[in-house]
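Here is what each chain is made of, one letter per residue.
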Amino acid sequence: MSNSSNLGRRRLMTTTLGTVAAVGLGAGTGLLGAAPAGAAERPAATPHRGRGDDFPDVPGMLGDRRANELWYMFDETTLYNVGPELEQAFTDIETALGDGWERAIFDAWMAMAATSDYPNNFIEYVTPIKGPLAVLSKAQLGVFDDYYRPGGHGVVSAFADFAQGVLYDPRRERPVHTMNGNPPPGYHIWFIFMRSMMLLGIDRHRWERMAPVNAMAWAIQAIAKPTQTEVKEPLPRQVVAREAVKWLPRSVRQLDRDFLSYPLPEGMS
């Protein structure tokens, strides 16, 4: 896949993000409010597997340190320094779906999900890439599990920060960790690959619980309208909490209908 894909900056916005409970978070919970861009960092979310806070010092970095490291390493693993097994998986997906396979799977899902044959028609479409998707799932789950405890709330905050554009990482040419495009199509691609894995029985429960987090980020970014070059001030905490309450409890079948709205959630402009 070319890094210049017009469907998003990341090689696949299909992150399996760990298992996050789909709970409604009220405005007073303090779980989702992003610190101002220049403010002191929040205490780190509880890490998984004992990974400490021994992150390298990065002068000029802004925003939550753990969230910055998560997104940096996600790019390293899935885009810039891809290992041979995952590289082969990407090649196998391209072989099965054809050149421009992100666009191909996007078009296929958008057409099929609106029919009475769904999801059986889409299962048939993605079955040839079940093996590569299992490799992708393992790689991405591994990144997220290194930084956040499955079942914890930390990754929800990491996604809220990502969607608002408050994470500034000077290690990248485009230093703000956020989805490319305004509005960004990547959240749709992400959901479609999540849905593919669910329907094929690949880490299904984790994908089911993470799909609403992706949807929440889609909505937050539609409001914040960040860029990859200039760090943003965070949205008001009550706005982020409102979107969490709206999106996190949604079922996968509800999200199937929601993501038929493109490029923005229904009712947003």
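Heads up: the structure comes first, above all this text.
In this report, we go over the structure that sits alongside the text. The structure displayed is predicted, hence computed values, not measured ones.

**Describing helix H7 (residues 186–199)**
Now for step 1: Its 14 residues place the ends of H7 20 Å apart at the C-alpha level, agreeing with the 20 Å of an ideal helix rising 1.5 Å per residue.
Now for step 2: Across the 14 residues of H7, 13 count as buried, placing the element largely inside the fold.
Now for step 3: Gly201, located one to two residues past H7, shows a positive phi value of around 75 degrees.

**A closer look at the packing of aromatic side chains**
Both the distance between ring centres and the angle between the ring planes are used here to describe each pair of aromatic rings.
Now for step 1: Counted under the stated rule, the structure contains 20 aromatic pairs.
Now for step 2: A centroid spacing of 5.6 Å and a plane angle of 85 degrees characterise the contact between Trp109 and Phe191, whose relative ring orientation is edge-to-face. Here Trp109 is found in helix H3 (residues 101–112), whereas its partner Phe191 is found in helix H7, with 82 residues between them in sequence. For the pair Trp109 and Phe191, a shared accessibility class is recorded, and that class is buried.
Now for step 3: Relative to Trp190, the ring of Phe159 has its centre 4.9 Å away and its plane inclined at 45 degrees; by these criteria the two rings are tilted. Separated by 31 residues along the polypeptide, Phe159 in helix H6 (residues 154–164) and Trp190 in helix H7 bring together distant segments of the chain.
Now for step 4: Judged by its relative accessible area of 0%, Phe159 falls in the buried class.
Now for step 5: Residue classification places Trp190 among the buried residues on the basis of a relative accessible area of 0%.
Now for step 6: Positioned above the aromatic ring of Tyr72 is the side chain of Arg171, whose terminal nitrogen or guanidinium carbon lies 3.7 Å from the ring centre.
Now for step 7: Looking at Arg250, its charged tip hangs above the ring of Trp247, at a distance of 4.3 Å from the centre.

Thresholds, definitions, all that
- Residues numbered from 1 in each chain as written.
- Predicted model: local features only at pLDDT ≥ 70, side-chain atom pairs only at ≥ 80, totals over all residues.
- Heavy atoms only, no water.
- Helix = DSSP H or I, 4+ residues; strand = E, 2+ residues; numbered from the N terminus.
- Expected span 1.5 Å × (residues − 1).
- Buried < 20%, exposed > 50% of the residue type's maximum accessible area, 1.4 Å probe, protein only.
- Phe/Tyr/Trp six-rings, centres within 6.5 Å; stacked < 30°, edge-to-face > 60°.
- Lys NZ or Arg CZ within 6 Å of the ring centre and 35° of its normal.

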